[in-house]
Amino acid sequence: MLLASIILHAVQPIRNERSTASIYHLLQGKRSAQTLQDAHMYGLTNLFGIYPKLSRELFDQLAQDLLENKIQVTETPIPYFDGMAYQSQTDTFLYRLLLLLQMLSNQANGEKHYIPVTDQAQVQYWVKQLYRQKQLQLGHWRSCLYEELYGLLEKLPEMQAGLFVDRISGYQHIGLTAAQLAVKYNLQVVDVPLYQTSTIHYFLDQVRANKSLFPYLGTLVEQPKQQSHTITSTAHKTRMMLERGLTLDQIAAARGLTENTIKDHIVEMTWLEGRRLASRFIGEADAAVIMDCAEKTGTNKLKQIHATLNGKYDYFQIRMALALRNEQEVET
Amino acid sequence: MKTDLQQALKKYYGYDQFRTGQLEILESVMQNRHTLGVLPTGTGKSVCYQLPAFMRSGQVIVVSPLLSLMEDQVKQLRAKGFKRVAALNSFLNYEDKQQVTRNLASYDLLYVSPEMLQNDYLISRLMQLEIQLFVVDEAHCISQWGKEFRTDYLRLAEVVRTLRNPPVLALTGTATPEVQTDIQHLLGDLEMEKHIYPMDRQNIAYFVQEVQDQQEKNETMLALLRKIQAPTIIYFSSRNMAESVAALIRINMPDMACAYYHGGMENEDRILIQQQFLAGQLQIICCTSAFGMGVDKEDVRLIIHYHLPNDKESFIQEVGRAGRDGKESVSVVLYSTGDWQIPVHLIEQDLPEQSSIQQLMRNLYQRVKAGMTDLPAYELILQHIPIGETQWRFLLYQMEKHDIVKGNQLQYNAQTWKDFLEQIEKLVGDRKKHKLVQLQRMKEWVYTDTCRRQILFAHFQRTVRPASGRCCDNCGDTLQDWETVPVSVQQDAAGWREQLRFLLQQ
Ligand SMILES: [Zn+2]
């Protein structure tokens, strides 16, 4: 089992110093100073963020069983990963590729009606743009992508190549789910995404190292974004307490800070992370009303918005709504 | 008008003819009458509101409780090239929801989940539209589940009034006369033109087989699959069983592609499995009741019930997925006497226990006493009291009705709280009784020795039509002489090289 082997591999340097939870954060790709520091200190940067969807429950159970020697696993060789370099690009590249292949395959057969393999609006938009720009060269794209992919897959283990190709949906052929792939290749379901991620990291690495050899796959690579914001550790503490269900005044009292400072933290985190925390403090409909008001009056001034809305919302709520709006602007 | 509609059908769907009932319902809708349509599953209910959306100006709002069905329909419409369609439900992330809400007028067809309609802001936006038709899909939810779990459906009458009474179209696949009356009443006593079509499909034969235990059930099932060898759906009451029997079939019959499907899977995976079945890559689906709605596959030949649903309505709907092409198809129920434990257990699980309700009220009381009158979030409640989310929503609705909760604030009054506890106990008890009666009817059908067709549809229609082929085991029919015509299932035995070549046509 690959996941088990990865956990055992990561445990060795970390053991005695850090909890197994830190391995979870590492695999899951938590953007905290501690996790990043761990990755560097213990030489595990390649594993950073290789399994964003890993379930905590599953991980805890497996880690416990492994460390208490309750289960014996046959050591599985760990395939190529470079999480620190590629984790932020993996998803976009993978889905662009899958949707592009689906489009090309259907287009080659004159089929216009098919359900796209991904819902992600940005990916759909990207492929649509490409379609518009390259309408007359799609046949060429198809054969060139084929050549590039074929060459890369040839160098991977047969199983990994098979896992990748069987997942592709195209003309009159629908790709397999992770569970189906697991049966077909005699794997544990949890290992399937790991192998797929490894394949994508390998693609990304080859494309980066040999740009001239992979001009078509190269266009699928997203230009790396600016370093993402990281929240301050004091705000982080506030979040942990919020997540434990404490109220604002309880947190303020426990930390010896004013309630306004706590509110500052919440606004900061909302701005950086989006709705996750916000829903506790402001409903979507209310947020929308405030955003509309800000847009119509063309101001971000709290006082003015407060007055325009007849004092219906307090300053904190308005700041939260504006923070949510900023989030949108930053992302798009 | 008939020719207009027919031309539109040809233009938008490529069909020459309407299926049973579609034309009659459309004519009523196009004349802006409130309409109740009871159409058997598989006759394409959605055409009844999609066509008006494409043909006329103004918006068509469709309320549906089936979120994944909603998503599927939007995807299918978009795939066909109808882009002015959107769905508003909890699947959407914040940005997309806002995007849709801000541009409501740019859609011709808008699917909305009932809980989204509780949002005042959305309602105020909807009020600015020219709504040409308000559709209540799966209208039986108002009655069958509505009293409890679809509490949002009960508020639809109010929504319709707030939206200045647009023409309403209530659609359902199954409804007893009582449920039909209920729908009309709960939608605000609307005067509706009724179009009720018989549900007894003449090309489906019914067989029931008792087995001693699970092993015999599996063997019987495998033998049946070998005999029929055609697209098959097998229904289970548990996700785990659907998964493990799918594995069993794969091992025993590797040449028949088989997969499982249930509500616990990721949306992306569910769509893949559904499409594989439609594309003929899969022959057998082991699933829970989550599968089937909106899956328009014509040649499903066999429906096996490994477990029975809790009521005849659900059974009729599930069986109705067979033989939409009009060719003879088969329903087989496999049961052992121990099976009756499962639905009773499920019924109990669905309803909150009195002890949990008391615990909840004690907890809320303590909060009020401590000065915390804000209604706590469900996640917070869950930390203290084992209570399902649907149960919580049901209780919340009841608490609002009793003025215990007002505008997200708790209000304490000893008498109202006491009354509330008593009334809830009675309500839960009644509901349980009702469900057990439904289950009893299903059970009677299994044990009957008269014609199954007659008994199955007895509560739904006055006369039952004769079968076009085999009728049922009690009428002396068997599957011994069933002519096996193996269908070829697309095999992907080819290696990745061939597969990639095929996909990209190299
Ligand atoms: Zn009969």
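Residues numbered from 1 in each chain as written. Chains lettered and ligands numbered in written order. Predicted model: local features only at pLDDT ≥ 70, side-chain atom pairs only at ≥ 80, totals over all residues. Heavy atoms only, no water.

A. Quick peek at the overall build of chain A. Looking only at helices and strands, one finds 18 helices and 0 strands in chain A. Classification of the 332 residues of chain A by burial places 49% in the buried group. Counted over contacts in chain A with a minimum sequence separation of 6, partners at least 24 positions apart contribute 68%. Here chain A has roughly 16500 Å² of accessible surface; of this, 50% comes from carbon and sulfur atoms. Separation between the mean location of the 33 positive side-chain charges and that of the 33 negative ones in chain A comes to 5 Å. (Helix = DSSP H or I, 4+ residues; strand = E, 2+ residues; numbered from the N terminus. Buried < 20%, exposed > 50% of the residue type's maximum accessible area, 1.4 Å probe, protein only. Contact = heavy atoms within 4.5 Å. Areas by Shrake-Rupley, 256 points an atom, 1.4 Å probe, with all protein chains shown as cover. Lys, Arg positive; Asp, Glu negative; His and termini not counted. Charge placed at Lys NZ, Arg CZ, Asp CG, Glu CD.)

B. Local environment of the coordination of the zinc ion. All names here are of chain B. Protein coordination of the zinc ion is provided by Cys451 (SG), Cys471 (SG), Cys472 (SG) and Cys475 (SG), with donor distances spanning 2.2 to 2.5 Å. Geometry at the zinc ion is tetrahedral, judged from its 4 donor atoms and the angles of 100 to 122 degrees they form at the metal. Residue classification places Cys472 among the buried residues on the basis of a relative accessible area of 0%. Look at Cys475 and you get partly exposed, because its relative accessible area is 44%. (Donors = N, O, S within 2.8 Å, 3.2 Å for Na, K, Ca; no water. Tetrahedral: all angles 85-135°; square planar, octahedral: opposite > 155°, others 65-115°.)

C. Highlighting the interface of chain B and chain A. Counting residues at the interface gives 40 residues for chain B, matched by 53 residues for chain A. Summing the contributions of chain B and of chain A, the shared interface buries around 4200 Å²; its carbon and sulfur component is 56%. On the chain B side of the interface with chain A, the three residues burying the most area are Tyr94, Trp496 and Leu504 of chain B, jointly 18% of the side's total. When the shortest N-O distance is used, the salt bridge between Arg497 of chain B and Glu154 of chain A registers 2.6 Å. Summed over the shared surface of chain B and chain A, the number is 17 residue pairs in polar contact (both at pLDDT 80 or more). When residues of the side of chain B that touches chain A are traced back to their parent elements, those giving at least two are α4 (67–80), α5 (94–102), α6 (120–126), β10 (258–261), α13 (267–279) and α21 (496–503) of chain B. Among the elements that line the side of chain B that touches chain A, the one with the most residues is α13 of chain B, at 9 residues. (Buried area = accessible area lost by both parts, 1.4 Å probe. Salt bridge = Lys/Arg side-chain N within 4 Å of Asp/Glu carboxyl O. Polar contact = N/O pair within 3.5 Å; in protein donor to acceptor, adjacent residues only side chain to side chain.)

D. Focus on the domain arrangement of chain B. Residue and element names in this part refer to chain B. According to the domain assignment, chain B contains domain 1 (2–196) and domain 2 (204–343 + 439–504). With 19 residues of domain 1 in contact, the opposing surface of domain 2 contributes 17 residues. With both sides pooled, the region where domain 1 packs onto domain 2 buries about 1500 Å², and carbon together with sulfur makes up 47% of that total. The interface formed by domain 1 and domain 2 includes 1 salt bridge. Notably, a salt bridge pairs Glu298 with Arg19, separated by 3.7 Å at the nearest N-O pair. Where the side of domain 1 that touches domain 2 is concerned, the elements lending two or more residues are α4 and α10 (177–186). If one sorts the elements of the side of domain 1 that touches domain 2 by residue count, α4 sits on top with 5 residues. Looking at the side of domain 1 that touches domain 2 residue by residue, the classes come out as 6 nonpolar, 9 polar and 4 charged. (Domains from an automatic or database assignment. Nonpolar A, V, L, I, M, F, W, Y, C, P; charged D, E, K, R; others polar.)

E. Examining the side chain of Ser336 of chain B more closely. Residue and element names in this part refer to chain B. Topologically, Ser336 is positioned in the loop between β13 (329–335) and α15 (341–350). The exposure class assigned to Ser336 is buried, which follows from its relative accessible area of 9%. Setting aside anything within four residues of it in sequence, one finds Ser336 in contact with Val211, Gln212 and Lys217.

F. The arrangement of the sheet that holds strand β2 (residues 59–63) of chain B in detail. Residues and elements named next belong to chain B. Taken in spatial order, the 7 strands line up as β3-β4-β2-β5-β6-β1-β7 in an open sheet, and their pairing is parallel. Two strands bound the open sheet, and with one partner strand each, they are β3 (85–88) and β7 (193–196). The average angle at which neighbouring strand axes cross in this sheet is 15 degrees, direction not considered. Here β2 pairs with strand β4 (residues 109–112) via 4 bridges, running parallel. Opposite Val60, over in β4, you have Leu109 as the bridge partner. (Pairing = 2+ DSSP bridges. Axes fitted to C-alpha atoms, helices over the stretch in contact; angles between N-to-C directions.)

G. Region of interest: a positive patch on the surface. Positive charge collects at one region of the surface, where Lys128 and Arg132 of chain A together with Arg78 and Lys83 of chain B lie side by side. One can find Arg78 of chain B in helix α4. (Patch = residues over 30% accessible without salt bridge, like charges linked within 9 Å, V, L, I, M, F, W, Y side chains within 5 Å.)

H. Local environment of the packing of aromatic side chains. In the structure shown here, the tally under the stated rule is 22 aromatic pairs over all chains. Relative to Tyr150 of chain A, the ring of Tyr146 of chain A has its centre 5.7 Å away and its plane inclined at 40 degrees; by these criteria the two rings are tilted. Pair noted here: Tyr146 of chain A and Tyr150 of chain A are both in helix α7 (residues 138–154), with a separation of 4 residues, about one helical turn. Residue Tyr146 of chain A is classed as buried on the basis of its relative accessible area, which comes to 8%. Here Tyr412 of chain B and Trp417 of chain B contribute two aromatic rings whose centre-to-centre distance is 5.0 Å and whose plane-to-plane angle is 65 degrees, an arrangement assigned as edge-to-face. Above the face of the Tyr306 of chain B ring, Lys217 of chain B is positioned so that its terminal group lies 4.7 Å from the ring centre. Here Lys297 of chain B stacks its cationic end above the ring of Phe277 of chain B, 5.2 Å away from the centre of that ring. (Phe/Tyr/Trp six-rings, centres within 6.5 Å; stacked < 30°, edge-to-face > 60°. Lys NZ or Arg CZ within 6 Å of the ring centre and 35° of its normal.)

I. Spotlight on unusual backbone geometry. With phi around 50 degrees, Gln172 of chain A is a residue other than glycine that occupies positive phi space. The residue Gln172 of chain A is located in the loop between α8 (158–166) and α9 (178–184) in this model. Residues other than glycine seldom take positive phi values, yet Asp403 of chain B does so here, at roughly 60 degrees.

J. Quick peek at the sheet that holds strand β11 (residues 284–287) of chain B. All names here are of chain B. With respect to topology, 6 strands assemble into an open sheet ordered β8-β13-β12-β9-β11-β10, the strand pairing being parallel. With partners counted over all chains shown, the strands left at the sheet margins are β8 (204–210) and β10, one partner each. On average, each strand axis in the sheet is tilted by 15 degrees relative to the strand beside it, whichever way the strands run. Summarising the sheet, β8 and β13 pair through 7 bridges and their orientation is parallel. Looking across to β13, one finds that Tyr206 is bridged to Ser331. Across the sheet, α13 is in contact with β9 (232–235), β10 and β11; its angle to β10 comes to roughly 140 degrees.

K. Summary view of the domain arrangement of chain A. Its domain assignment divides chain A into domain 1 (2–78), domain 2 (90–219) and domain 3 (228–331). Between domain 2 of chain A and domain 3 of chain A, the C-alpha centre-to-centre distance is 40 Å.

L. Representation of the environment of Gln209 of chain B within the structure. All names here are of chain B. Structurally, the position occupied by Gln209 is in strand β8. For Gln209 and Val333, which are 124 residues apart along the polypeptide, the C-alpha to C-alpha distance reads 6.1 Å. Sequence-distant contacts of Gln209, that is, excluding residues within four places in its chain, are made with Thr220, Val333, Leu334 and Tyr335.

M. View of the side chain of Arg453 of chain B. By secondary structure assignment, the location of Arg453 of chain B is in helix α20 (residues 452–457). Buried and without a salt bridge, Arg453 of chain B has Asp200 of chain B as its closest oppositely charged side chain, separated by 5.7 Å.

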